[in-house]
Amino acid sequence: MVEDETRMASLIRRGLTGEGLAADVAANGEDALWMAESHDYDAIVLDVMLPGIDGFETCRRLRSAGVWAPVLMLTARDAVEDRVAGLDTGADDYLVKPFAFAELLARLRALARRGDQERPNVLRVGDLTLDPAAREVRRGDEEIRLSAKEFSLLETFMRRPGEVLSRLHLLEHAWDFAYENRSNVVDVYIRHLRRKIDEPFGRRSLETVRGAGYRLRADGA
Ligand code: CA
């Protein structure tokens, strides 16, 4: 439980221990970081308004430190930007203050069931990175500019590295339902992508698998 308002923190903590759960309280983001890195928590309740680094930044740093415990973010107001920012920094769910304790408990139970699998908010395949929220693609440090369609095609590959994806699969994931099913549009966009993510870097990461489709090499090379 990461919350600087001691009354609120101890109220929630008492509620949790009353349910037979164990809870630690951190009063700021920095403390939360070292606590979460040294202890495997089943879930983290993270208030957005904190002294020092705020809840968004704390969440971002938790994820980049490899802490994948589910994060439930508490926001003070029902602002769309806050919820979007929270989810984009790697939070799993949010709750708007004031909330009913029963709802906090129910959401925590749901989150804890998911466990702490890696759910990176930036996709990484070799030295290729793709940030769906910031709409950024890089090879190493170099930023690559892609059109919206090229971006969603690459994202589809980066979610399944090393797997052969059929033209139909690529059409279904990167084009919308209304799109006329012409599979050569995929080939055209694959050529565009290769010209941007491979050729300038002397790579061949996007492979053609004859009769089956395409594959992004798992090492991104
Ligand atoms: Ca607070």
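Structure first, text after, so check above.
Note that the structure is a prediction, hence the values are computed from the model and not measured.

Asker: Sorry, what's going on with the nonpolar core here?
Answerer: Most often, soluble globular proteins keep nonpolar side chains buried together rather than apart. By size, the foremost hydrophobic cluster in this structure holds 25 residues, and its most contacted members are L153, L154, F157, M158 and V186. For this core, the secondary structure elements donating two or more residues are strand 4 (123-125), strand 5 (128-131), helix 6 (148-158), helix 7 (167-174), helix 8 (184-198) and strand 10 (213-216). Those residues in contact with L153 that lie beyond four places of it in its chain are L170, A174, W175, Y189, I190 and L193. Grouped together as the second largest cluster of nonpolar side chains are 19 residues, A32, L46, I53 and C59 included.

Asker: What should I look at first to understand the sheet that holds strand 5 in this one?
Answerer: Strand pairing in a sheet relies on backbone hydrogen bonds, with the paired strands running either antiparallel or parallel. With respect to topology, 4 strands assemble into an open sheet ordered 4-5-6-7, the strand pairing being antiparallel. The open sheet terminates on both sides in strands that have one partner only, identified here as strand 4 and strand 7 (142-144). Within this sheet the neighbouring strands show an average axis-to-axis angle of 25°, counted without direction. Across the sheet, helix 6 lies against strand 4, strand 5 and strand 6 (136-139), angled at about 115° from strand 5, the strand it touches most.

Asker: How should the pattern of salt bridges be read in this particular structure?
Answerer: Note that side chains of opposite charge can pair when their charged atoms are close. Scanning all chains against the criterion turns up 21 salt bridges. Ionic pairing is found between E3 and K97, a salt bridge with its closest N-O pair at 2.8 Å. In this pair, E3 sits in the segment before helix 1 (6-18) while K97 sits in the loop between strand 3 (93-96) and helix 5 (101-114), placing the two residues 94 residues apart along the sequence. When its relative accessible area of 1% is taken as the criterion, E3 is described as buried. Its salt-bridge partner being D92, residue R63 comes within 2.9 Å of it at the nearest N-O pair. With R63 in helix 3 (residues 55-64) and D92 in the loop between helix 4 (80-88) and strand 3, this pair connects stretches of sequence that are 29 residues apart. Pair check on accessibility: R63 and D92 agree, each one buried. A single network of salt bridges, built from pairs that share partners, joins E3, E5, D47 and K97.

Asker: In this structure, what is going on with the sheet that holds strand 10? I would like to understand it.
Answerer: Reading across from one edge, 8-10-9 is the order of the 3 strands in this open sheet, with antiparallel pairing throughout. The sheet terminates laterally at strand 8 (164-165) and strand 9 (206-209), the two strands that pair on one side only. Pairing between strand 9 and strand 10: 4 bridges, direction antiparallel. Each bridged residue has a counterpart across the sheet, and for E207 the counterpart in strand 10 is R215. Contacting strand 8, strand 9 and strand 10, helix 6 runs over the sheet at an angle of about 75° to strand 10.

Asker: Is there a simple way to explain the environment of G18 in this structure?
Answerer: Position of G18 among the secondary structure elements: in helix 1. A residue is classified by how much of its surface remains accessible, and G18, at 65% relative accessible area, is exposed.

What counts, and at which threshold
Residues numbered from 1 in each chain as written. Predicted model: local features only at pLDDT ≥ 70, side-chain atom pairs only at ≥ 80, totals over all residues. Heavy atoms only, no water. Core = buried A, V, L, I, M, F, W, Y, C linked by side-chain atoms within 4.5 Å. Buried < 20%, exposed > 50% of the residue type's maximum accessible area, 1.4 Å probe, protein only. Helix = DSSP H or I, 4+ residues; strand = E, 2+ residues; numbered from the N terminus. Contact = heavy atoms within 4.5 Å. Pairing = 2+ DSSP bridges. Axes fitted to C-alpha atoms, helices over the stretch in contact; angles between N-to-C directions. Salt bridge = Lys/Arg side-chain N within 4 Å of Asp/Glu carboxyl O.

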